[in-house]
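Report on the structure
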Amino acid sequence: MKHENVIGLMDVFTAEIALDRLRDFYLVMPFMGTDLGKLMKLERLSEDRVQFLVYQMMRGLKDLKPGNLAINPDCELKILDFGLARQADVEMTGYVVTRWYRAPEVILNWMHYTQTVDIWSAGCIMAEMLLGKPLFKGSDHLDQLREIMKITGTPAADFVVKLQSQDAKNYIRSLPKVPKKDLLSLFSKASSNAVCVLEKMLLLDPEQRVSASEALELPFFSEFRDAEEETEALPYDQTMDNTDLPLDQWKRHTFTEILTFRPPRDSRETSL
């Protein structure tokens, strides 16, 4: 996988010359400096920077939260290796942090979900950059849903019937009716083009949310767009990842990959 906005492997090597001695190996990746979560704690981002960062998110979209987005001093963004990025998070024991960025259909297992779960995450991150604080800060999964509906409004009947869980249907129907909030008043310091992006991302119904490709066509991103550079991601083959092999065989595969790896010669990072 190679994409300007997804962290890539520049090199991999080991000091060992034989498989039976393999103990350590080293992965070389671009140095980015910080992550978006830390950057937002340090400073309030201008809309120009929000515009550039969200544009890059849309180009390399996947499962998102601020700590998964690496930033360098030139405001260039790369999505990190998600498995590694999650290891130290509280979400491993209760989804405490990343619940704030998760789509409602994922939190409550409402229905089969598609890549628009990532659009919801991007919308939450964009909203936080503009507001200077998380938009939906629930204390548990039901409180998270209540926080979401304070802004999106209670879903209409045509959405409720799509839910696969009868318990979810009953719960939503039992809630008091709440009208949708006007995002223009909530984000009063943001431009109308920025609010338009949020309106299309933060929709309860995943079938109604924009895709990454559709989002890139919105006026908010026109300043940065170069359609020829926006590549479509290829499906990732997880066959090997999901294979159940003994440890010795995994070590053999790893050692072979290390020995045969060739750094990308057309990458900008190789010139650093």
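Residues numbered from 1 in each chain as written. Predicted model: local features only at pLDDT ≥ 70, side-chain atom pairs only at ≥ 80, totals over all residues. Heavy atoms only, no water.

We now examine the overall build of the chain. Broken down by element type, the chain carries twelve helices and five strands. Per-residue burial over the chain gives 42% buried out of 272 residues. Long-range contacts, defined here as pairs at least 24 residues apart, represent 64% of the contacts in the chain between residues at least 6 apart. Element-wise, carbon and sulfur atoms account for 53% of the exposed surface of the chain, whose accessible area totals about 16000 Å². (Helix = DSSP H or I, 4+ residues; strand = E, 2+ residues; numbered from the N terminus. Buried < 20%, exposed > 50% of the residue type's maximum accessible area, 1.4 Å probe, protein only. Contact = heavy atoms within 4.5 Å. Areas by Shrake-Rupley, 256 points an atom, 1.4 Å probe, with all protein chains shown as cover.)

Right, let's get into the side chain of Thr-14. With respect to the helices, strands and loops of the structure, Thr-14 is situated in the loop between β1 (11–13) and β2 (26–28). Residue classification places Thr-14 among the buried residues on the basis of a relative accessible area of 16%. From its side chain, Thr-14 meets the backbone nitrogen of Glu-16 in a polar contact 3.2 Å long. Of the polar contacts made by the side chain of Thr-14, one reaches the backbone oxygen of Asp-24; its length is 2.8 Å. (Polar contact = N/O pair within 3.5 Å; in protein donor to acceptor, adjacent residues only side chain to side chain.)

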